[in-house]
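Architecture at a glance
Okay, here's what each chain looks like letter by letter:
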Amino acid sequence: MNQESFLGNLFGRGNSYWLTRFVILRLLGFVYAVAFLIAAQQLVPLIGEHGLTPANHFLASIHTQLGSGMAGMLQVPTLFWFGISDHALLIFAWFGFGLSLIVLAGYANAVLLAILWAMYMSIVHVGQIWYGYGWEIQLLETGFLSIFLCPLIDGRPFPKCRPPLLVIWLFRWLGFRIMIGAGLIKLRGDPCWRDLTCLYYHYETQPIPNPLSRYLHFAPHWFLQFETAWNHFIELIVPWFSFGPRTARHIAGVLLVSFQVVLIISGNLSFLNYVTIIPFLACFDDTFLRHVLPARLVNRAERAAQQSEPSRINNTIAVALSILVIYLSAAPVLNLASGRQLMNYSYDPLDLVNTYGAFGAVGRERPEIIFEGTEDALITGNTQWKEYEFDAKPGDPNRRPPFVAPYQPRIDWQIWFAAMASPAEYPWTLHFVWRLLHFPTRRHITSARGFTVIDSYRLAIERGGSANRSANGCPLYLPRILNSVVSSPRWTGSIRDRVLSIE
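Residues numbered from 1 in each chain as written. Predicted model: local features only at pLDDT ≥ 70, side-chain atom pairs only at ≥ 80, totals over all residues. Heavy atoms only, no water.

1. A look at the overall build of the protein
Heads up, the rule is: A run of DSSP states H or I qualifies as a helix once it reaches four residues; a run of E qualifies as a strand once it reaches two. Both are numbered from the N-terminal end. Partly exposed describes any residue whose relative accessible area lies between the buried limit of under 20% and the exposed limit of over 50%, with all areas from a 1.4 Å probe on protein chains only and scaled to the type maximum. The criterion used for residue contact is that any of the two residues' heavy atoms lie within 4.5 Å. What sets the accessible areas is the Shrake-Rupley method with a 1.4 Å probe; for residues, cover comes only from the shown protein chains.
Counting secondary structure elements, the protein contains 20 helices and eleven strands. In the protein, which comprises 503 residues, the proportion classed as buried is 55%. Taking as baseline every contact in the protein between residues at least 6 positions apart, the subset at least 24 positions apart corresponds to 72%. Within the structure as shown, the protein displays about 21,800 Å² of accessible surface, and the carbon and sulfur contribution to it stands at 63%.

2. So, helix α8 (residues 165-188)
Quick note on the threshold: Every helix has an expected span of 1.5 Å times one less than the residues it contains.
Across its 24 residues, α8 extends 35 Å between first and last C-alpha, which sits within 8% of the 34 Å expected from 1.5 Å per residue. Most of α8 sits inside the fold, with 19 of its 24 residues counted as buried.

3. Some words on the environment of Val103
One can find Val103 in helix α5 (residues 86-104). Judged by relative accessible area, which is 0%, Val103 ranks as buried. Residues Val103 and Ala33, spaced 70 residues apart in sequence, show a C-alpha to C-alpha distance of 9.1 Å.

4. Focus: the state of the cysteines
Formally: Any cysteine sulfur atom paired with another within 2.5 Å is treated as part of a disulfide.
Under the counting rule described, the total for this entry stands at one disulfide. Each disulfide pairs two cysteine sulfurs, and for Cys192 the partner residue is Cys198, the sulfurs being separated by 1.6 Å. Residues Cys192 and Cys198 are joined by a disulfide whose S-S torsion is about 65°; by sign, that bridge is right-handed. Across the pair, exposure class does not vary: Cys192 and Cys198 are buried alike. Take Cys150: it sits in no disulfide, and the sulfur closest to it among the cysteines is that of Cys161, at 8.8 Å. Given a relative accessible area of 9%, Cys150 falls into the buried group. Classification of Cys161 by relative accessible area gives buried; the value is 13%.

5. Observations concerning the nonpolar core
Short version of the rule: As used here, the term nonpolar core means buried Ala, Val, Leu, Ile, Met, Phe, Trp, Tyr and Cys residues forming a set that is joined through side-chain atoms within 4.5 Å.
Membership of the largest hydrophobic core comes to 113 residues, with the highest contact counts inside it found for Leu113, Tyr120, Ile123, Leu139, Phe271 and Trp428. It is helix α2 (residues 18-47) that provides the largest number of residues to this core, a total of 19 residues. Every residue in contact with Leu139, bar those within four places of it in the chain, is listed here: Leu28, Val31, Tyr32, Ala35, Tyr120, Phe271 and Val275. Leu199, Tyr203, Leu224 and Val362 belong to the second-largest nonpolar core, a separate cluster that totals nine residues.

6. Quick look at the environment of Trp169
Looking at where Trp169 falls in the secondary structure, it is placed in helix α8. Among the residues examined, Trp169 registers a relative accessible area of 34% and is labelled partly exposed.

7. Considerations on the packing of α2 against helix α6 (residues 110-126)
Cut-off, in case you're wondering: Helix axes use the C-alpha atoms of the stretch in contact, all axes being lines fitted to C-alpha atoms, and the angles between their N-to-C directions lie in the range 0 to 180 degrees. If you view the pair so one helix is near and one far, a crossing is left-handed when the near helix is turned anticlockwise from the far one by less than a right angle, and right-handed when it is turned clockwise. Polar here means any residue other than Ala, Val, Leu, Ile, Met, Phe, Trp, Tyr, Cys and Pro, which are nonpolar, and Asp, Glu, Lys and Arg, which are charged; Gly is therefore polar.
The N-to-C vectors of α2 and α6 enclose an angle of 35°; their axes lie 11 Å apart at closest approach. The two elements α2 and α6 cross, and the hand of that crossing is left-handed. Between α2, through Leu25, Leu28, Tyr32, Ala35, Phe36, Ala39, Leu43 and Ile47, and α6, the contact on the second element is made entirely by Leu113, Leu116, Trp117, Met119, Tyr120, Ile123 and Val126. Looking at side-chain class alone, the contact of α2 with α6 contains 15 nonpolar, no polar and no charged residues.

8. Observations concerning the packing of aromatic side chains
Quick reminder of the rule: Any Phe, Tyr or Trp ring, taking Trp's six-membered ring, that has another such ring centre within 6.5 Å forms a pair; planes under 30 degrees apart are called stacked, those over 60 apart edge-to-face, and the others tilted. Charge-over-ring placement is defined geometrically: NZ (Lys) or CZ (Arg) within 6 Å of the ring centre, and within 35 degrees of the ring normal.
Throughout the structure, instances matching the rule amount to 29 aromatic pairs. Measuring from centroid to centroid gives 6.4 Å for Tyr32 and Tyr120, while their planes differ by 70°, and the two rings are edge-to-face. Here the residue Tyr32 occupies a position in helix α2, and Tyr120 occupies one in helix α6, the gap between them amounting to 88 residues. Both residues of the pair, Tyr32 and Tyr120, count as buried. Here the basic side chain of Arg21 rests over the ring of Trp18, its NZ or CZ set 5.0 Å away from the ring centre. The positively charged end of Arg410 is found above the aromatic ring belonging to Tyr131, 3.7 Å away from the centroid.

In short, the description is geometric, and any link to function would need to be established separately.
Structure representation (structure tokens):
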């Protein structure tokens, strides 16, 4: 067999992945839609002109440090270098949400996916602490690969151009790095992963538990130990089979996807597990998916495979992309082999090929920051304080945790991090209190019992009582911050050991 016929046969195998491309792009459209919806509802209060960490100040600081906007653009690529305002953030996010729905509906091409990738990268790169999660760069890497999965212009669900096999392999490589990184960071991190006891604590101390987390927390220890061992098997052993023969790949894909489904059930981990499923779908070809998808889709995929034509241009682009990814993978691979493994780190300004990991350490106790307010005009030793209850983050131990994922209330997540540090390390908490004092309004972001935490985390009254009055006449509560610890493994009862840190 000569080289040309070998390559033709190799690229021709992409004809077996029509349904695979279809489900990958649909799930990507869903994740993008969730991500842009979160941005549309939270960007202004978090990084807007009067937000907790204004993005315009952030960009100005980068400009000052690097000496020019062009240098800033090269180091922190974002379209917001051309201008940023609250209205621009809102329009930008809602436009991205609309484009995501088009992909979710089944219509995607390289141009549309490139626009979505550039838009979300622009948000992530000005999002600062609020967008410092591993799934943000994971969505960017996934979105970048997806650009090359479909034709340049033809946006039909089953276009003439067959799926490029090399890009399918690159998705498998992404899924492999995600799982191996998560597995190694656990073995190298907290000893409880090695003695199989981490899940004694994880379900209670994770950022935002859901109602099912309680039942998992109180499962028998033998079950939690088995679950931990199974976690190691899935993260460290199974990913290797995603590069194997068809049957091995299919079994690996089922195990990897089902593992993410279990994680979705166990807690509110934003859209992390949804975006992680995407590269695992590349383990399946049409011979598997035809048994689980509607017959109408299967028939359309079969017709498309029969009518498809090889594209030398698309194959050349796929080869070039593969060479780029191999080159950029050197640093992440060295990081995986390193005893000082970094978790969720990007080695290039565009976040094209990254290293990942999750829960390298698990807390044994759950510290909480408690924000409280009072209606009293004069603060005395007898002042009555009321706690601000957030929609998602744990507060009153007697309140049932919610289901919020794949949506992510970002301030609730950051309070989880801030509770384990000092106010100096998370200065936005002080700015948050200042916002509560100075900017009452009626626009809701997250509701609370007795209070409502809202746009720019401004405050309005939900129930009556005397209160201070701001300049515009709206009722105003005076807030304070408390540190609190709910000792493991308690889930009910009163919060104890409150220590006043800021009044």
